[in-house]
Amino acid sequence: MIRSSKEDIAMEVAAECEQPSEDSETAALNIQAPGPTVSFYNLRYCVKERAGMFSMTWVEKEILKDVSGIMKSGMNAVMGPTGSGKTSLLDVIAGRKDPQGLKSGQVLVDGAVVTSSLRLSSAYVVQNDVLMGTLTVRENLTFSANLQLSPADHSFSDKAMKVESVIQELGLKDCADTKIGTMFLRGVSGGEKKRCSIGMELITSPSLLFLDEPTTGLDSNTAHMIITLLHKLSRNGRTIIFSIHQPRYSIFQQFDHLTLLNKGEIIYAGSADKAISYFEGLGYKCDPFNNPADFFLDITNGTLLPQADSAKSENMNGGELVVSENPLAVKYRQSQLGCSVTEQLQELTEGLKSESRPASDKAQYATPFYYQLMLVSSRTVKNILRNPQTSYAQVFLNIFFGVLVGLIYYQIPNSLPEALQNRTGAFFFLVINMVFGNLSAVELFISERVLFIHENSSGYYRTSVYFLSKVFADLIPNRILPVFIFSAIPYFMMALKPEVEAFFLYCVTMSMVSLSAVSLAFLVSASVGSFAMANIFIALPFVFMMVFGGFLVNLNSMLSGMSWLKWISIFRYGFNALAINELKGLVFTSNYTTMTGEMYLDHQEIDYSTWGFWQNQVALGGIMCICLVLAYVQLRRINRWK
Ligand SMILES: Nc1ncnc2c1ncn2[C@@H]1O[C@H](COP(=O)(O)OP(=O)(O)OP(=O)(O)O)[C@@H](O)[C@H]1O
C-alpha cells in the first residue's frame, strides 16, 4: 500500500520537483501530510483494430498521444469530451490497461517507477459499482476488510472498527444493514451504492485513489455529495485522481488540479481555478453565468471559437501551426504551464535512468490461501441462501422429471419385448435428463464475471480460491443433492433390480453423468462472456454426444472417420454403465424364447465385465477432471486488462 510510510519520499520528491508557486498551492490546500505525487511522461497508448469488418490486417489506433503530467495530493480531475481518453489515461496511470498497448512513457509515484504493482497497491473505484447485491453494505465492507487487511497485523476487532469508521466517514450509517440490491431485490440508492464502492477501497487507507467517472448516473445533488466526500478525503492526505464528464459549478469548485483532454492530448493541466484565465488568454470568452466545465467542453468540442479580434486567435485558427496538429494541445505544450511540467519531469527522470528497475509484477495478497477460501466460500454460500431460486428450481425440476420418468416406465415387466425396450429407453431418458437438466451451470462464471475480474485484479483473492469456492458451492446444493432425489424416485417406480448394491451403483453412475455434464458447462461458462454464446457452445457438444450415445444410431455401422466421437460421449458411458448394472444377471422371457441380459449386452458389443462397468466411470471421471482443469485455466486466462 502506498501509505504514510512513503510519505517521507513523497515530501522529498515533492520538494525536489515542485516550483515555489506550487508549494504554496499545496500549502493553500491545508493538507497536513500530503498524499503521493503521481507523475507520468510521454505516455503513448495504442490499441489494435481491424482495418475493416472482414479484414485480416490490423491498424494501430492512438488513444493517448505523448501525455505528460504531474498530479499531487488533493483533488485531481480529468475532464474532456466523450472519447477524449479520460478513462484510458486513468487506467494507464493506475496500471489497469494492457501493458502491450503502452508504446512509450512511464508512471512514477513519489519519484519511483511503478508498473502493474500499482494496480494492487492503490485503490481504484470502477465506473459501474461492483458489489455483491445479496450482502448488506456492512457485509460488503467487512468482506473487503477481511481480505485486504492482513490477519497477522489486524485482529477481528481492528477490522470491525475499521469498517465502522469507514461507515461513519462515508455517512453510510443509516443503510449499513441494508442489502445492496440485485435485479430482483430493491436495495440501497445509487449514491449509497457509490459510497459503498468507495468504502470498499478505503478500507486499506490508501493514500492514492483512482475513480472512473464517480458521478455518472447520479443526480446532481448526489453527485455533489460524492465529490464533497472525496474532497473531504483528499484533505486527510490523499491524492485523488478521477475522470468526470460535465460537472456542475459547485462540483467544479472543489477541484484542485484540472487536466483537460482532447483527442488523446492534454490541452490544459494546472490549477483548476486558473483554467478560465488560461483560455481567456488564448482569446476565448467565458460568459459571466456560464459553467466553467461547459465552457471548457465547448472549447474542446470546437463549438466555442476564439474571439475574432484577438491577435492570439489567429494561431488557434490555423496560423503558424501544422494543420493536422491539435492547435490547443500545441498551445498548451508551448505555454509556461506545459514547459514547467516538462522541466519538472526532466529533472525527475534524469536521476531515474540508472535505477529505473520496475517493481515486481507478481501479485501480492494480504491473506493466505485457506483464509481466502474460507471467506469467499462463505460469501458464495450466503449468496446462494439469499438467492435460492436456482437451487429450488433445480430440486423441483428433478422431482418433476423423476416422477415423470417413473410414470412413463411404471413397473417394467420382465417379459419381452417391453422388458428390454423400456429399460434401455428409460436409461437413455434418465441420462438425457441428467445432462440437459444441468444446463443452468453455464451461468456460474458468467453472472459474476465483472465482480470476479474487479476483485481479482484488486488483489482480494486468488483465481484458484474463486474457482474452488464457486465449484463446490454450486456442486453440493445444485448438482449432487438433486441428483439423489432424481435417481431414487424413478428407480423404485420402475421396479429396477431390488438390490442395495445395484441401487448404489446406479446412483454413482447418475452422479458421475451429472458431474461430467456440469464440468463441461463450467468450462463453457469460464470461456465465454455472455449467456447467448454459452448456450450455443454447450448445446452443440451435448447434442453431438447424444447422437453418439449408442442409442440413436448404431456406432459400429458408422463411418470410421466419425465413430471416434463415441469416445467423448457422456451419454454413451452413462447409458452403458446403467445397462450393465441393471441387465447383467436378469433373465427375460416371452411366449417362445428366453433371453439373458448378457445376451443383449453381447449383441450391443457392450463389455459387461467388472472392468467393463468401471471403465465407464473412469471415463466420466476423466471428462470431469479435464473439463474442470480447463475451466480453471480459462478463468486464469480471462482478460483482466481494460
Ligand atoms: N480497447 C479499445 N479498443 C478500441 N478502442 C478503444 C479501446 N479503449 C479505448 N478506445 C477508444 O479510445 C478512445 C478513448 O476512450 P476512453 O474510454 O478513454 O474515452 P473517455 O474520454 O473516457 O470517454 P467517455 O467519456 O465516453 O467514457 C475512444 O475513442 C475509444 O473508443
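Residues numbered from 1 in each chain as written. Predicted model: local features only at pLDDT ≥ 70, side-chain atom pairs only at ≥ 80, totals over all residues. Heavy atoms only, no water.

Draft legend 1. Just the UniProt feature "transmembrane region" (unreviewed entry) in the chain, in detail. Summarizing the sequence annotation, UniProt attributes the feature "transmembrane region" (unreviewed entry) to residues 392-412, 424-446, 503-525, 531-553 and 613-633 in the numbering used throughout. Measuring from the first to the last C-alpha atom of residues 424-446 gives 36 Å, for a span that is 57% helix and 0% strand. Structurally, residues 613-633 is divided into 100% helix and 0% strand, and its ends, taken at the C-alpha atoms, are 31 Å apart. (UniProt positions renumbered as here; feature names shortened; annotations may be inferred. Helix = DSSP H or I, 4+ residues; strand = E, 2+ residues; numbered from the N terminus.)

Draft legend 2. A look at the pairing of strand β4 (residues 102-109). Here strand β1 (residues 38-50) pairs with β4 via 6 bridges, running antiparallel. Bridge pairing in β4 links Tyr-45 to Leu-102. As defined by bridge partners, β4 adjoins strand β5 (residues 112-114) across 3 bridges and the pair is classed as antiparallel. Across the sheet, residue Val-107 finds its bridge partner in β5, namely Val-114. (Pairing = 2+ DSSP bridges.)

Draft legend 3. Focus on the site of the ligand. Around the ligand, the structure places 15 residues, and the nearest of them are Thr-82, Gly-83, Lys-86, Thr-87 and Ser-88. In this structure, Thr-82 approaches the ligand through a side-chain N or O atom, which is 2.5 Å from an oxygen atom. Between Ser-84 and the ligand, the recorded distance is 3.1 Å, taken from a backbone N or O atom to an oxygen atom. In isolation the ligand exposes 630 Å². Once the protein is present, 65% of that is buried. Sorting the residues of the shell around the ligand by element identifies β1, β2 (58-71) and α3 (86-93) as the ones contributing at least two each. No other element matches the 3 residues that α3 contributes to the shell around the ligand. (Near = heavy atom within 4 Å. Polar contact = N/O pair within 3.5 Å; in protein donor to acceptor, adjacent residues only side chain to side chain. Areas by Shrake-Rupley, 256 points an atom, 1.4 Å probe, with all protein chains shown as cover.)

Draft legend 4. The environment of Asn-326, seen in detail. Residue position: Asn-326 is located in the loop between α12 (313-316) and α13 (327-334). Each C-alpha atom of the pair Asn-326 and Ile-267 lies 8.7 Å from the other, and the pair is 59 residues apart in sequence. Setting aside anything within four residues of it in sequence, one finds Asn-326 in contact with Asn-262, Glu-265 and Ile-267. (Contact = heavy atoms within 4.5 Å.)

Draft legend 5. The arrangement of the sheet that holds strand β7 (residues 208-212) in detail. In space, the 6 strands of this open sheet follow the order β6-β7-β8-β3-β9-β10, with mixed pairing throughout. The open sheet has two edge strands with one neighbour each: β6 (123-125) and β10 (265-271). Taken over all neighbouring pairs, the strand axes of this sheet differ in orientation by 15 degrees on average, direction set aside. Across 5 bridges, the pairing between β7 and strand β8 (residues 239-243) is parallel. Each bridged residue has a counterpart across the sheet, and for Leu-211 the counterpart in β8 is Phe-242. Packing against the sheet, helix α8 (residues 220-234) makes contact with β3 (74-79), β7 and β8, and its axis sits at approximately 135 degrees to β3. (Axes fitted to C-alpha atoms, helices over the stretch in contact; angles between N-to-C directions.)

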